[in-house]
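Architecture and fold: a report
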Amino acid sequence: MLFGVLFSLFWIVWGRQASCALVGKVNRHKPWMESSYHGVITENTDTVLLDPPLMAVDKDAPVPYAGEICAFKIHGGQKALFEAVVLNATSGEGLLRARGPMDCEDQREHTLTIQAYDCGTGPNATDWKKSHKAVVHIQVDDVNEFPPVFRRMQYKASVTEGKIYDAILQVEAWDEDCSPQYSQICNYDIVTAGTPFAIDRNGNIRNTERLNYEKQHSYHFLVTAVDCGQKRANESVAVHIDVEPVCTPGWKGWSERLDYEPGSGSRQLFPSMHLETCGGALSAVSATLQLHATHTGKDCGHSHKSLLKPCGAAVGSTNLLPAPGPSAGWMASLLTDGGRDGELFFRFDGHQAAIVPERAAPHRLSDRFTIATWMRHAQSPSTEHPAHNETLLCSSDKTEMNRHHYSLYVHNCQLVFLLRRDSTQSDSDTVTPAEFHWKLHQICDRQWHYYILNVELATVALLVDGVTFEPYLVTGDWATHTSQVDTQLTVGACWQGGERDTPRFTQYFRGSLSGLTIGPGGTERQKVISCLQACREALDITSLESLAEDVKFHLNPAQSVLVADSGDANGLSAVMSRVSYINALQFPSPGPRTLHISTTLQCFGEDSCMSIPDVDMVVRVLPLRSTITRSHRLARPALTPDEPRIAITGSHRLVMPAADLRVTAGVAPFKEVHITSIAVKGDSSPFSAAPRSGVMEVMLNLDYCDVVVMGDELDPDRESLEITHNALLGKHLDATNSTSGISIYGVDSMLHYEQAVRQVRYRNWRPSALSGRKFRLTCSELNGRYTSNDFNMEVSVLHHTVPVEHVNHMAAQSQHLRPVHHPVVIHSLNSHVSGGAVSPSVTVVIVVCISSLVLMAVMGIYRIHSTQHQDTSTQCKDTSALTITVNPMENTGAPQTVGGAVRGQTNTEGEEEPTGDIWSGESSDSEDEEEEQMEEEQKAQEGHMQKRNGTEPPS
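In this report, we go over the structure that sits alongside the text. Keep in mind that this is a model prediction, so the values were computed, not measured.

1. Description of the overall build of the protein chain
When helices and strands are counted, the protein chain shows ten helices and 61 strands. By residue count, 41% of the 955 residues in the protein chain fall in the buried class. Contacts in the protein chain between residues far apart in sequence, at least 24 positions, make up 72% of those at least 6 positions apart. Accessible surface computed for the protein chain: about 50,300 Å², of which carbon and sulfur atoms make up 52%.

Structure, rendered in structure tokens:
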């Protein structure tokens with residue numbers, strides 16, 4: 001049994017070895033093929049042409065299966081794009097093809113690996129062998145399927161006349177084909193015939209003859225492109241070439257005039273402006289732009305005084321150059337300019353000066369105060385006119401001596417401030433700073449500048465147009481001795497009142513001043529100073545984000561001068577193109593404003609550089625144009641079209657009892673006044689023979705309203721004109737008053753001015769000899785440039801009539817009815833009563849008056865009847881003590897004034913009397929006599945009533 005098992009194992013092992021020996025003899029070798037192939041496939045086809053051809057061999061041939069090739073397999077990601085098939089298994093020939101059409105523009109080359117497999121040992125391809133991996137490089141051949149396309153829709157260039165250019169500009173086209181043969185542009189052609197231009201194969205266009213600007217300003221032609229496969233572009237490109245005149249350095253693309261419509265906001269001055277340097281190499285470039293309001297030289301919109309409160313200036317500033325008028329009589333001798341065409345200023349020609357009265361001068365200055373003014377000095381020093389002191393402001397001894405306590409004057413283009421302290425302010429043996437000198441080019445450039453002196457203790461700070469300047473010289477002096485001599489404050493010169501000399505003016509000023517103010521008690525902050533000197537007519541610059549880093553610019557505080565610097569002309573042009581003009585005034589002065597640009601260039605390594613001509617431009621501010629609502633017709637044909645008007649309306653006459661004037665509150669003459677503004681515009685219609693006009697109400701900011709006393713000035717011992725502080729609270733308003741009237745000033749709305757004017761009170765505590773007072777109200781915008789109508793108001797006084805004895809008790813007023821005095825308002829002639837018709841309100845008044853008369857008559861009859869029953873004899877004896885007040889209604893010869901407006905009434909002949917005047921009865925006695933008579937009348941009536949009531953036994 002053991003022998004059988006061993007035999008079986010031997011037989012199995014031997015059988016396997018024999019089988020292996022047999023197979024090894026049938027498929028002993030692997031297929032073989034080339035290690036690399038190069039193939040080409042034309043796009044849009046699928047057959048790959050390989051070099052060498054695809055073929056695999058097997059050394060086992062001609063043994064069937066083992067010596068045959070059954071498959072070619074592709075490895076990697078390329079098997080999705082390509083496939084290999086066996087064409088002949090015996091010869092091993094194969095074919096490589098694409099699974100779909102190839103696109104050269106998508107991928108020009110492909111690389112893949114391929115292996116060959118034999119058929120193994122039988123028809124089931126068992127025990128097959130594979131060859132090594134071969135690399136196949138395939139290139140996709142291009143087909144010229146795309147035409148050339150230009151990179152831009154059109155090309156533009158400019159040339160200078162008279163020059164031959166090698167290349168003016170270059171056009172460029174491209175082709176979407178993938179091969180160099182079809183993707184390259186081999187030629188460009190000019191399609192338009194007859195043009196003096198040529199183009200090379202690289203697209204460079206040149207001119208073939210010298211161009212003339214006068215002959216033709218520009219040329220327009222078409223250009224096409226051809227690729228190396230001779231395919232032409234489907235669309236030609238347009239070329240525009242402009243011919244420029246011979247280049248001259250300077251600013252280009254600007255207009256000499258710009259029309260500015262009021263209210264249009266900010267307007268660009270040079271939107272297309274650029275600096276032409278004609279190709280010169282620059283290292284730096286600078287430009288200065290100046291705005292000059294040449295129509296007046298100064299048009300900032302409001303006087304300095306009007307802006308003090310809105311700008312937050314220190315309270316208590318005194319205007320030493322107010323507008324001439326009844327409340328500023330000392331200004332009458334000075335020469336004024338501006339008026340309705342601009343802000344008011346004063347001209348000094350070396351012969352005018354003004355003495356500021358004590359009531360208008362500021363009180364004694366402390367250690368801290370401010371002096372501010374607009375100034376334009378008239379002349380520069382020369383050999384023909386030696387320089388001398390020209391005084392703007394001076395405080396000197398009024399008599400006996402010629403000491404100057406403080407003064408501000410100009411000397412040889414220098415500004416000098418003198419401040420002499422007295423012994424009460426400092427030690428008389430100590431030298432303190434007394435003179436401060438500033439040498440400034442602004443003094444003699446004949447332009448307007450804004451000067452502020454901030455004085456604090458022994459230091460003085462000067463600001464000119466918001467820029468601080470330090471004094472170059474400070475001189476000390478001893479303190480002056482204390483004196484009882486009064487000081488004299490003068491403007492335009494200095495007062496010399498020494499006892500040896502005749503009192504006179506010296507050191508006259510030549511130039512113009514405006515808004516000269518003194519603010520004792522404090523100095524102005526920088527924010528306030530900038531607000532006071534800033535103009536609402538100015539230069540502006542916008543869109544700063546896109547400017548280059550090397551561009552720098554500076555605007556002066558008044559925004560009238562712009563200085564810009566840049567490293568090249570393009571940067572400077574970018575700044576100038578963003579400069580705007582803005583005029584925020586409600587009613588700017590029409591007329592020209594001059595703009596001047598000066599430019600400086602610096603070139604590399606050259607002592608001299610090209611010069612740029614200066615530019616002068618005019619901004620013409622047009623007259624006001626308003627959109628008019630034609631629902632209203634013009635009431636006054638005298639109004640000028642396109643010009644605003646400030647209108648003051650209301651009752652022109654007020655009749656008040658004398659007792660109402662005595663009370664502390666007094667009376668309000670302007671309590672019914674209305675302040676409005678209208679703009680008038682003329683318009684001609686083609687369908688009407690005459691021009692039509694319309695009016696519209698516009699909103700203005702006023703800067704002052706003056707209430708002037710007509711006739712004699714106020715007598716401070718018996719009357720006053722006042723406005724309470726509460727009436728100005730919450731408003732940008734201040735007020736000053738004198739015996740000539742009240743001035744309310746400050747930049748504020750018409751509504752606030754109207755509310756303040758209505759609070760003006762007139763009081764007279766001794767009105768016995770007063771029949772009436774007349775006042776005149778005027779308001780202004782832009783310090784007198786636009787003024788209102790003169791509104792005249794008359795306050796008439798009603799006095800008590802003289803008590804007389806009368807025996808007719810029917811006419812006596814009942815003691816139970818007290819007389820009530822009503823203010824009687826006399827309306828002007830343009831009231832709502834027309835044609836002599838009586839208004840309903842007047843009818844009601846008349847009915848009430850008649851009813852009162854009937855009531856008094858009935859009560860008189862009743863009183864007489866009851867008295868007769870009580871004591872007839874007593875009544876007869878005491879009739880002399882009874883008095884009556886004559887009813888004004890019984891006076892048919894005078895206008896009726898019962899609780900309302902006086903209207904025209906019919907006289908005895910049936911004619912209507914005029915209503916323009918009011919007549920009031922006056923007592924022929926003095927006020928004291930009138931009061932004594934009233935007391936006697938009252939005592940008599942009281943005694944009579946006691947007799948009637950039985951409290952006193954009959955005599």
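There is more to say after this.
2. Points about the side chain of serine 743
For serine 743, the location among the structural elements is in strand β54 (residues 741-749). Within the structure, serine 743 has its side chain in polar contact with the side chain of aspartate 706 (distance 2.8 Å).

3. What to know about the state of the cysteines
Enumeration according to the criterion identifies six disulfides in this entry. Cysteine 104 shares a disulfide with cysteine 178; S-S distance 1.4 Å. Taking the sign of the torsion about the S-S bond as the criterion, the disulfide between cysteine 104 and cysteine 178, at about 100°, is right-handed. Residue cysteine 104 is located in the loop between β7 (93-98) and β8 (109-118), and its partner cysteine 178 is located in the loop between β13 (173-174) and α2 (180-183); the two are separated by 74 residues in the primary sequence. The same class applies to cysteine 104 and to cysteine 178, which are both buried. In this model cysteine 394 forms its disulfide with cysteine 494; the gap between the sulfur atoms is 1.9 Å. Of this pair, cysteine 394 sits in strand β29 (residues 390-397) while cysteine 494 sits in strand β38 (residues 494-496), placing them 100 residues apart in sequence. For the pair cysteine 394 and cysteine 494, a shared accessibility class is recorded, and that class is buried.

4. Focus: the sheet that holds strand β31 (residues 414-419)
With antiparallel pairing, the seven strands of this open sheet are ordered in space as β27-β37-β29-β30-β31-β32-β36. Of all strands in the sheet, those with a lone pairing partner are β27 (354-356) and β36 (473-478), marking the two edges. Adjacent strand axes in the sheet meet at a mean angle of 20° when their direction is disregarded.

5. What to know about the pairing of strand β18 (residues 237-244)
Strand direction decides the pairing type here: strand β11 (residues 154-160) and β18, joined by seven bridges, are parallel. Bridge pairing in β18 places alanine 157 opposite isoleucine 241. Taken together, the six bridges between strand β17 (residues 218-227) and β18 define a ladder with antiparallel strand orientation. Paired with serine 218 across the bridge in β18 is aspartate 242.

6. Side note on the side chain of histidine 377
For histidine 377, the position within the fold is in strand β28 (residues 368-377). You can call histidine 377 buried: its relative accessible area is 4%. Among the polar contacts listed, one links the side chain of histidine 377 to the side chain of glutamate 390, at a separation of 3.1 Å. Only 3.2 Å separates the side chain of histidine 377 from the backbone oxygen of isoleucine 443, close enough to count as a polar contact.

Procedures and definitions
Residues numbered from 1 in each chain as written. Predicted model: local features only at pLDDT ≥ 70, side-chain atom pairs only at ≥ 80, totals over all residues. Heavy atoms only, no water. Helix = DSSP H or I, 4+ residues; strand = E, 2+ residues; numbered from the N terminus. Buried < 20%, exposed > 50% of the residue type's maximum accessible area, 1.4 Å probe, protein only. Contact = heavy atoms within 4.5 Å. Areas by Shrake-Rupley, 256 points an atom, 1.4 Å probe, with all protein chains shown as cover. Polar contact = N/O pair within 3.5 Å; in protein donor to acceptor, adjacent residues only side chain to side chain. Disulfide = S-S within 2.5 Å. Pairing = 2+ DSSP bridges. Axes fitted to C-alpha atoms, helices over the stretch in contact; angles between N-to-C directions.

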